[in-house]
Amino acid sequence: MIRLEKVCKSFGHITVLRDVSLEVQKGEVVCVIGPSGAGKSTMLRCINHLEALDSGTIYIEGKPVYRYIRDGRLVVDREKRIEQIRSQVGMVFQAFNLFPHFTALENIMVSPLHVLREPMAELRPRALALMAKVGLSDKVGAYPHELSGGQQQRVAIARALAMRPKCMLFDEVTSALDPELVGDVLRVMRALATDGMTMIVVTHEMGFAREVADRVVFMADGVIVEEGPPGEIFSRPKNERTSQFLRSVLQRREELGEGTLPSALGT
Amino acid sequence: MLERIAALFDFRGSVEYLPDLLFAAVISVELTVCVMLIGLVFGLVIALMRLSRSRTLRIISTAYVEVIRGTPCLLQLFYIYFVLPAFGIRFEPFAAGVIGLAVNYSAYLSEVYRAGILAVPRGQLEASQALGMSRRLMMRLIILPQAIRVVVPPLGNYFISLFKDTSLVSIVTVKELMFTGQIIAATNFQYFTIFTIIGIIYFSLSYPSSLFVSYLERRMKVGYRRKPSRLLRSPATEGAL
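The notes below deal with the structure included here. (Residues numbered from 1 in each chain as written. Chains lettered and ligands numbered in written order. Predicted model: local features only at pLDDT ≥ 70, side-chain atom pairs only at ≥ 80, totals over all residues. Heavy atoms only, no water.)

Points about the packing of aromatic side chains
Evaluation of the coordinates by the stated rule reveals 11 aromatic pairs over all chains. A centroid spacing of 5.0 Å and a plane angle of 80 degrees characterise the contact between B:Tyr81 and B:Phe82, whose relative ring orientation is edge-to-face. What makes B:Phe82 partly exposed here is its relative accessible area of 44%. An aromatic cluster of at least three residues, connected via ring pairs, comprises B:Phe78, B:Tyr81 and B:Phe82. The side chain of A:Arg3 reaches across the aromatic face of A:Tyr59, ending 4.2 Å from its centre. The aromatic ring of A:Phe99 is capped on one face by A:Arg159, whose charged end is 4.5 Å from the ring centroid. (Phe/Tyr/Trp six-rings, centres within 6.5 Å; stacked < 30°, edge-to-face > 60°. Buried < 20%, exposed > 50% of the residue type's maximum accessible area, 1.4 Å probe, protein only. Lys NZ or Arg CZ within 6 Å of the ring centre and 35° of its normal.)

Observations concerning the sheet that holds strand β1 (residues 2–11) of chain A
Residue and element names in this part refer to chain A. What the four strands build is an open sheet, ordered β2-β1-β4-β5; its pairing is antiparallel. For this open sheet the edge positions go to β2 (14–24) and β5 (63–65), each flanked by a neighbour on one side alone. Direction aside, the axes of adjacent strands within the sheet are offset by 30 degrees on average. The sheet contacts of helix α1 (residues 40–47) involve β1, β2 and β4 (55–60), and relative to β2 the element is tilted by about 60 degrees. (Pairing = 2+ DSSP bridges. Helix = DSSP H or I, 4+ residues; strand = E, 2+ residues; numbered from the N terminus. Axes fitted to C-alpha atoms, helices over the stretch in contact; angles between N-to-C directions. Contact = heavy atoms within 4.5 Å.)

Concerning empty space enclosed by the protein
Residues and elements named next belong to chain A. Scanning the model with the defined rule gives two cavities of 30 Å³ or more in all. Considering each element in turn, the lining of the largest cavity owes the most residues, three residues, to strand β8 (residues 89–92). Residue composition of the lining of the largest cavity, by class: seven nonpolar, two polar and one charged. Taken as a whole, the second largest cavity holds about 30 Å³ of empty space. Along the walls of the second largest cavity sit Glu172, Val173, Thr174, Leu186, Met189, Val201, Val202 and Thr203, which together make up its complete lining. If you list the elements that add at least two residues to the lining of the second largest cavity, you get α6 (179–194) and β10 (198–202). (1 Å grid on protein atoms, 1.4 Å probe; cavity = no way out; pocket = protein on both sides within 12 Å on 5 of 7 lines; lining within 4 Å. Points joined across faces, edges and corners; volume = space filled by probe spheres on them. Nonpolar A, V, L, I, M, F, W, Y, C, P; charged D, E, K, R; others polar.)

Laid out in structure tokens, this is it:
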């Protein structure tokens, strides 16, 4: 479904991604964890070309995209094709980024209406169904500033889903939320995973990663240090960096009185 | 001495030329409206050019703004009215005045627009792109509607200052308020009464406008209101909403 091949990216002389290779199968849920500055978000943003790669290739559904070598020549995709690919890759941001001048329902409808040119008669019921799916049927006419962070983020998920994406990218979507609102958002994401959506989730929610992910990827300093099934990564990390990171995360939890190691890893 | 000063405050004589001044005030208002309409459109075009990805468009628009801002408006008016005829381009005084002021104000208004567009948070851009919107669509549906809110109060202030700046076109013999006053004063020498009346006319039109602008400013701060949005219409679905 999505394949990254030796992706490199630097900002100025700071290298953010170093030869990152990753393959995500259709229907797979991959959680990306790691310390801040590891390049997790940048990797995600490269997948839908919010950041341009320096080198390496990204394949979506087997086809190379954005910029790639074909017959020994560098090909740079046209704007139109990039837009088309983006419309099939949903993304949810840490800061929600809802459009403040549109209601919740309008936020969901604006892109299908104008990008996919979907007729209103079909779109409206579909958008209402999406609002129901994220548990916000009563907030259809609300403006973003009238919603809590958790509600805004759920609208943002519905907005991305409205484009009928083939996969979804989640960029630390619960990091900006009050702790008591995190659960509602995770519940929506869990349901999405159960429905078979292909998902790449950059997260600090270890419990979610352990429970929902098919595979966990640990990144640090711009490289993928270790990847594997959640059970393996969380219980028997092979790499010293991984166990160090997990220890520090879990230690912090304990200091906050959020339970001991097993319960913090579980749900 | 006192008597002479007291005589100055005798406005009875002004009845003669008051109609002329009021008529001239209408010309001033007409100038303001014409220039503002052109400036609002042309200024936006310049702003979009400056933010365009085309290097050529950026260079042209930046040069335009810098040249206009770096030279006096009076000189620009002179240029249009007195220099261009040498190249066979002639304008009526009113047209020359409108063009001169519009050229000038477009440059300033484009900077207002540009600031407003750049004030829209980056996340809005990224969210639009992630949804597959083209740059054009994103501008029209997401960026400009949000930029407008930022931009309305400063645009209003420019509108008021433009009304006063229309006095500059007296230099190219447009019979607006200032020029008319000068003509009348040249015949009857009642400088005090004439220019006081002109001041009152300018003020009594500017002040309510500035009150209106501060009203708009307050309204824009309130935030987004509950009202059906007309921005969600597309040619494909016209009338469906």
